[in-house]
Amino acid sequence: MELKELLKELTDVSGASGHEYEAAKVAVKHFEPFSDEVSIDKLGSAIALKHGDQVGEERKKILLAAHLDEIGLMVTKIEDGGFLRITSVGGVDITILPGQAVTVLGKEQLKGVIGAKPPHLQAPDESGKPIQMDDLYVDTGRTKDELTDIVEIGTLVRIESEFTELSNGFISAMAMDDRSGVAVLVEALCRLKERKHEWDVYAIATAQEEVSGLGAITTAFRLQPDVAIAIDVTFGDGPGMPERRVSPLGKGPSIGLGPNFHPKITQKLRDLASEYEIPHQVEADPYPGGTDAYSLQVSRAGIPAGLVSIPLRNMHSTVETLKLEDVKRCAELLSIFISRLDSKFQEDLKCF
Ligand SMILES: [Zn+2]
């Protein structure tokens, strides 16, 4: 399948943290043609296993993790008049919410819009103040009575967005963070069909990264990989963005450097990217956390971990924008990395 179509399918399906099952089914469908086994675990992570051609009992494993969950909204109250009060699941940017179209994922799916008091009617002390979640409501057009059997406290609300192809290979959609990482998993597995590799590969679309890192924690504990790499998104360039904190779109995947990442893994990723002439960039990340890489690194007695990120504009919005070429390069780099894993590399991980 073409990468653009794959991204569309992956981003079209809802899957707020803790409610990833439908998205997991889509991930598994795309893992399946390139894997020996696929499954969805009881917490909602989608798992693919592709065997390497090593022989013997003690099999070496690499785990790749890209998170499946997306940020979303949840109903907290149904008010008289049928207005739904909401809270966020994960780090939703409240400033993007007023005026959004949504789907209320009740027993029946309902179209809705997010409303707020118009500026004309705001009291002098209200105008100019940053909008709060309490200022917002979802209007479905239905009365409270009509909603009784359809919506309850805890019902999820998905912010609608249109998958949009911009010029020059740029694509914009909700949930590119981190379904684009899941697309990298699919693409990397696909490329490994053509590339010999010794180690077994576990590709995991992890549940609940946005709220707790749960899927990476539980799958790393169960599978005990020898090496683990998280694939996520990072801040792309754009007007007003601090230059030192961004990885420009179109310049390739960004390799994380810092205490969260094993220096031999980052070095090998950089060396292979140079050897194979894959455009790439590096990103200083001195404080561990913020991605599945940390959950992987601290599993059990510790797992050598790495992070490869796709540059993304407008993170945690409905117009998360990336460049297709960066996704492809990320998958290419990972498939080469996996094909070059051997016992020497594993020994090297102990020599600093
Ligand atoms: Zn993410």
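Residue positions are given per chain, counted from 1 along the sequence in the order it is written. Only residues with pLDDT of 70 or above have their local features reported here, since the model is predicted, and side-chain atom pairs are shown and tallied only from 80 upward, although totals for entire chains, interfaces and linings are computed over all residues. Side-chain metrics in this entry use all non-hydrogen atoms of the structure; hydrogen atoms and water are not considered.

J.: Account for the coordination of the zinc ion, naming residues and giving values.
T.: All of the protein donors around the zinc ion are His67 (NE2), Asp177 (OD) and Asp232 (OD); their distances to the metal are 2.0 to 2.4 Å. Relative accessibility thresholds used throughout: buried, under 20% of the residue-type maximum; exposed, over 50%; partly exposed, between the two (1.4 Å probe, protein chains only). You can call Asp177 buried: its relative accessible area is 5%. Note that water is not among the atoms used; donors are N, O and S atoms within 2.8 Å of the metal (3.2 Å for Na, K and Ca), so sites may look incomplete.

J.: Pulling in residues and values, what's your account of the sheet that holds strand β11 (residues 170-173)?
T.: Taken in spatial order, the 3 strands make up an open sheet running β10-β11-β17, and their pairing is antiparallel. The open sheet has two edge strands with one neighbour each: β10 (164-165) and β17 (320-323). Note on pairing: DSSP must find at least two bridges between two strands before they are called paired. By definition, any uninterrupted DSSP run of H or I lasting at least four residues is a helix, any uninterrupted run of E lasting at least two residues is a strand, and each is numbered from the N terminus. Direction of pairing for β11 relative to β17: antiparallel, over a ladder of 4 bridges. Its bridge partner lying in β17, Ala173 is registered against Glu320.

J.: So what's going on with the pattern of salt bridges? Which residues, and what values?
T.: Within this document, salt bridges are pairs made up of a side-chain nitrogen of Lys or Arg and a carboxyl oxygen of Asp or Glu, the two lying within 4 Å of each other. For the structure shown, the criterion picks out 21 salt bridges. Across the pair Glu70 and Arg179 runs a salt bridge whose closest N-O atoms are separated by 3.5 Å. A residue pair is termed long-range when its members are at least 10 positions apart, and Glu70 in the loop between β3 (61-67) and β4 (72-78) and Arg179 in helix α4 (residues 176-192) qualify at 109 residues. When its relative accessible area of 3% is taken as the criterion, Glu70 is described as buried. Judged by relative accessible area, Arg179 falls into the buried class, the value being 1%. Its salt-bridge partner being Asp80, residue Lys144 comes within 3.5 Å of it at the nearest N-O pair. Placement of the pair is Lys144 in helix α3 (residues 144-147) and Asp80 in the loop between β4 and β5 (84-89), with a sequence separation of 64 residues. Exposure remark for Lys144: the relative accessible area of 36% places this residue in the partly exposed category. Classification of Asp80 as exposed rests on a relative accessible area of 63%. Among the ionic contacts, a cluster of salt bridges with common partners joins Glu187, Arg191, Arg195 and Glu332.

What is shown is where atoms sit, not what they do.
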